Amino acid sequence: MRQYQIAVIVGSLRRESYNRNLATAIVKLAPPEFSFTQVQISDLPPYNQDDDENQAASVRRMKAEIQAADGILIVTPEYNRSIPGILKNVLDHGSRPYGQNVWAGKPAGILGASPGNTGTAMAQQHLRNILSALDVPTQGQPEAYIQVREGLFDESGDIGEASRPFLQKWMNHYAAWVKRHAT
Ligand code: FNR
């Protein structure tokens, strides 16, 4: 059976990040032919177009990981009603030099968690705008605007019972989306 390797990007560097915990927990709901690796983005320099012909080793490593992946999964907080700067930075790095956009065609799913009751909805809408410019086929439904509440995770850090049916449904749609669009 074909295997699918997914590059996971978490838009938070915080040690106890809810979004990193969500990214770690939700991949356990994926079918067995899927494997997931979180991409390191903390060592990327701020994007500078002057460096396009001489990209840092960390940028080249990140781009190689995206190129090798069959799909991407982005799990992000919302910062000031948009995406965090570190997430925009990795997206910009991967899009350049002009004509060498590593994101193009990679099927994507997006998720986000916030203690606030809009559950990263604004950030995700901004992210969809960016992914469209990057030619990334992004899963539309179901949308997942996760509010962090007691019980989202169980004692082991897995998705809690109450949230599991919805997030399992989300993952089933994501897996089907990747299979439909992976080259
Ligand atoms: C936030 N937070 C936040 N939450 C939200 O729902 N909408 C928002 O616009 C913002 N804006 C915002 C800006 C900045 C600079 C910070 C640091 C935080 C709160 C945010 O949801 C909360 O800190 C989460 O815990 C961040 O996600 P991680 O790091 O836990 O994954």
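Our structure's up above, just so we're on the same page.
Residues numbered from 1 in each chain as written. Predicted model: local features only at pLDDT ≥ 70, side-chain atom pairs only at ≥ 80, totals over all residues. Heavy atoms only, no water.

## Points about the environment of Leu44
Along the chain, Leu44 turns up in the loop between β2 (34–38) and α2 (57–68). Aside from chain neighbours lying at most four places away, what touches Leu44 is Ser58, Val59, Met62, Asn89, Val90 and His93. (Helix = DSSP H or I, 4+ residues; strand = E, 2+ residues; numbered from the N terminus. Contact = heavy atoms within 4.5 Å.)

## A short note on the site of the ligand
Taken together, Ser12, Arg14, Ser17, Tyr18, Asn19, Pro77, Glu78, Tyr79, Asn80, Arg81, Ser114 and Pro115 are the residues near the ligand. Within the side chain of Ser17, an N or O atom sits 2.6 Å from an oxygen atom of the ligand. Within the backbone of Arg81, one N or O atom sits 2.8 Å away from an oxygen atom of the ligand. Protein contacts shield 71% of the accessible area of the ligand, which totals 620 Å² for the unbound molecule. Residue composition of the shell around the ligand, by class: 4 nonpolar, 5 polar and 3 charged. (Near = heavy atom within 4 Å. Polar contact = N/O pair within 3.5 Å; in protein donor to acceptor, adjacent residues only side chain to side chain. Areas by Shrake-Rupley, 256 points an atom, 1.4 Å probe, with all protein chains shown as cover. Nonpolar A, V, L, I, M, F, W, Y, C, P; charged D, E, K, R; others polar.)

## Quick look at the nonpolar core
Phe36 and Leu73 are the most contacted members of the largest nonpolar core, which totals 28 residues. Of all the secondary-structure elements, those providing two or more residues to this core are β1 (4–10), α1 (18–26), β2, β3 (71–75), β4 (108–114) and α5 (164–181). Looking at which element gives the most residues to this core, the answer is α5, with 6 residues. Look past the residues within four positions of Leu73 in its chain and what remains in contact with it is Ile6, Ala7, Val8, Ile9, Ile26, Val27, Phe36, Gly109, Leu111, Trp170 and Tyr174. (Core = buried A, V, L, I, M, F, W, Y, C linked by side-chain atoms within 4.5 Å. Buried < 20%, exposed > 50% of the residue type's maximum accessible area, 1.4 Å probe, protein only.)

## A look at the packing of aromatic side chains
Under the criterion given, the structure shown has 3 aromatic pairs. Between Tyr4 and Phe34 the ring centres are 5.0 Å apart and the planes differ by 20 degrees, which places this aromatic pair in the stacked class. On the criterion of sequence distance, the pair formed by Tyr4 in strand β1 and Phe34 in strand β2 is long-range, its members being 30 residues apart. Tyr4 gets classed as buried once you look at its relative accessible area, which sits at 8%. We classify Phe34 as buried; its relative accessible area is 8%. Members of the aromatic cluster, joined through ring pairs, are Tyr4, Phe34 and Phe36. Taking the ring centre of Tyr18 as reference, the NZ or CZ of Arg14 above it sits at 5.1 Å. (Phe/Tyr/Trp six-rings, centres within 6.5 Å; stacked < 30°, edge-to-face > 60°. Lys NZ or Arg CZ within 6 Å of the ring centre and 35° of its normal.)

## Side note on the sheet that holds β3
Read across the sheet, 5 strands follow the order β2-β1-β3-β4-β5 without closing on themselves; strand pairing throughout is parallel. Looking at strand neighbours, the two that pair on one side only are β2 and β5 (145–147), the edges of this open sheet. On average, adjacent strands in this sheet sit at an angle of 25 degrees to one another, irrespective of strand direction. Pairing geometry for β1 and β3, over 5 bridges, is parallel. Across the sheet, residue Val8 finds its bridge partner in β3, namely Leu73. Across the sheet, helix α4 (residues 121–133) touches β3, β4 and β5, and the angle it forms with β4 is around 155 degrees. (Pairing = 2+ DSSP bridges. Axes fitted to C-alpha atoms, helices over the stretch in contact; angles between N-to-C directions.)

## Some details on the pairing of β4
Counted residue by residue, β4 has 7 buried out of 7 residues, so it is predominantly covered. Going residue by residue along β4, you find Ala108, Ile110, Gly112 and Ser114 tucked away on one face and Gly109, Leu111 and Ala113 tucked away on the opposite face as well. Bridge analysis of β3 against β4 gives 4 bridges, and the strand direction is parallel. Along β4, the bridge assignment pairs Ile74 with Ile110. Handedness of the β3-helix α3 (residues 85–94)-β4 crossover: right-handed. Here β4 runs beside β5; their pairing, made up of 3 bridges, is parallel. Residue pairing across strands places Gly112 opposite Tyr145, the latter belonging to β5. In the classification by handedness, the crossover that spans β4, the intervening α4 and the parallel β5 is right-handed. (Right-handed = clockwise from strand over helix to strand, strands pointing away.)

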